[in-house]
Structure formats: structure tokens, C-alpha cells
Amino acid sequence: MKILIFGASGSGTTTLAKELACKSNFVHLDADDYYWKQTKNPYTEKVPLYKRNENIKKDFFKHENVVVRVLW
């Protein structure tokens, strides 16, 4: 099963997705982890579109049961 959680930043979607994944033993994927490069100052450099799509699709299809927090 694939569950997608949509919402604006700061609206609690990450908290909801993490909790739902925890309670259901699903894998939690957060779009921010694929969208932004890991840098000293977070959320300042984007991963190229082709690469982020490639990475999230790989993880999305690797697991049967996932909860994804999607960027709005």
C-alpha cells in the first residue's frame, strides 16, 4: 500500500506521516530528503530534478508499504 500525505510546510504533514508509518510499520519517505542536498545550511541547495525523481522512485517501488510526505 502506498499512502501520500500532502500539505503545506509547517502544517504537520511530516509529523503525521512519521507517526502513521511508525504505527503501521510502513517505511516513511519524506520528499524533503530527496529535494534538498545535505549541506551545512539546510534547505539551500536543490538536488537536480532528474536525480531526485530517480531516487524517490527507486525507494518508493523498493518497498511494498510506504507513507510519503509530499512537498506542496
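Asker: If you had to explain helix α1 (residues 13–24) to someone new, which residues and values would you point to?
Answerer: The periodicity of an α-helix, 3.6 residues per turn, causes residues three or four places apart in sequence to face the same way. Here α1 is 12 residues long and its end C-alpha atoms lie 16 Å apart, about the 16 Å a rise of 1.5 Å per residue gives. For α1, the complete set of buried residues consists of Thr13, Ala17 and Ala21. Along the long axis of α1, the arc covered by the buried residues comes to 65 degrees, so they all point the same way. Opposite the buried face of α1, by more than 90 degrees, sit the exposed residues Thr15, Cys22 and Lys23. Residues of α1 that are buried sit in contact with β1 (2–6), β2 (27–30) and β3 (66–70). Trailing α1 by a residue or two, Asn25 shows a phi angle of about 60 degrees, which is positive.

Reading guide: rules and limits
Residues numbered from 1 in each chain as written. Predicted model: local features only at pLDDT ≥ 70, side-chain atom pairs only at ≥ 80, totals over all residues. Heavy atoms only, no water. Helix = DSSP H or I, 4+ residues; strand = E, 2+ residues; numbered from the N terminus. Expected span 1.5 Å × (residues − 1). Buried < 20%, exposed > 50% of the residue type's maximum accessible area, 1.4 Å probe, protein only. Arc of directions from axis to C-beta. Contact = heavy atoms within 4.5 Å.

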